[in-house]
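Here is how the chains run, residue by residue.
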Amino acid sequence: MKEMQSAPALRRWSRQEYERMITKGLIHSGDRVELIDGEIWTMAAHGSAHFAAIYAAQKALEAVFGSGYQVRVQGPIALDDWSEPEPDVAVVAGSFRDYVKDHPGRALLVVEVADSTLSTDRNRKGSLYARGGVQDYWIVNLSKRILEIYREPVEDPRSRYYGWKYRLVQRCGPEEYVSPLAMPKARIKVGDLLP
């Protein structure tokens, strides 16, 4: 009788298991990885323009949000039991002291800076952030020198990745002004987010 072989399966990691790997030293802070829907992803290296755009976004958002909010640079967000992405920039309520024991579970705004990662940031991460309830997701598109704004997350069974997408997509050029949903009276010039 011929032996039946099954196809190898992907082993998903929970956030708890991922955190234990970090605590036990199996994953180091310099490893530049993040947990995306149970998979441990290696993050792309930063070019100088990418790093400059992260800094620009951080400074612009700190000026708008002020005290009572934290602008986190590549800090983990505990989206759900299977995902702990580290967006380039995220705005969360409170101060760093509020997150000593656990990472924030919600972000008021998530910003990814994209050059070589544009497709991943639009599709996979976009679907992940929509599923995680992120209401305001921005992509600083370095190649086109625009800001892409994603809002109104909705379930979409046709989504190629995590069953969610953003209903509203807006693209803004360097001379336009934008306002975060959490600070609707604030105005940020898109050019201030670009290196």
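Small disclaimer: the values here were computed from a predicted structure and weren't measured. (Residues numbered from 1 in each chain as written. Predicted model: local features only at pLDDT ≥ 70, side-chain atom pairs only at ≥ 80, totals over all residues. Heavy atoms only, no water.)

A closer look at the layout of surface pockets
Item 1. Computed from the structure, the largest pocket encloses a volume of approximately 230 Å³.
Item 2. Those elements that provide at least two residues to the lining of the largest pocket are β2 (39-42), β5 (109-114) and α3 (118-122). (1 Å grid on protein atoms, 1.4 Å probe; cavity = no way out; pocket = protein on both sides within 12 Å on 5 of 7 lines; lining within 4 Å. Points joined across faces, edges and corners; volume = space filled by probe spheres on them. Helix = DSSP H or I, 4+ residues; strand = E, 2+ residues; numbered from the N terminus.)

Some thoughts on the pairing of strand β1 (residues 33-36)
Item 1. Here β1 shows two buried faces, one formed by Val-33 and Leu-35 and the other by Glu-34 and Ile-36.
Item 2. Sheet topology note: the β1/β2 ladder contains four bridges and is antiparallel. In the strand pairing of β2, Val-33 is matched with Thr-42.
Item 3. Hairpin geometry of β1 and β2 is characterised by an intervening segment of two residues between the two adjacent antiparallel strands and by a positive phi of about 50° at Asp-37. (Buried < 20%, exposed > 50% of the residue type's maximum accessible area, 1.4 Å probe, protein only. Pairing = 2+ DSSP bridges.)

Thoughts on the nonpolar core
Item 1. Within the largest apolar cluster, 25 residues are counted, with the highest numbers of intra-cluster contacts made by Leu-61, Val-111, Trp-138, Val-140, Leu-147, Val-178 and Leu-193.
Item 2. Element by element, the count of residues in this core is highest for helix α2 (residues 48-65), at six residues.
Item 3. Excluding residues within four positions of it along the chain, Leu-193 makes contact with Ala-53, Ala-56, Ala-57, Ala-60, Trp-138, Val-140, Leu-147 and Ile-188.
Item 4. The next biggest cluster of nonpolar side chains, apart from the first, holds 20 residues, and it includes Leu-79, Leu-118, Tyr-137 and Tyr-150. (Core = buried A, V, L, I, M, F, W, Y, C linked by side-chain atoms within 4.5 Å. Contact = heavy atoms within 4.5 Å.)

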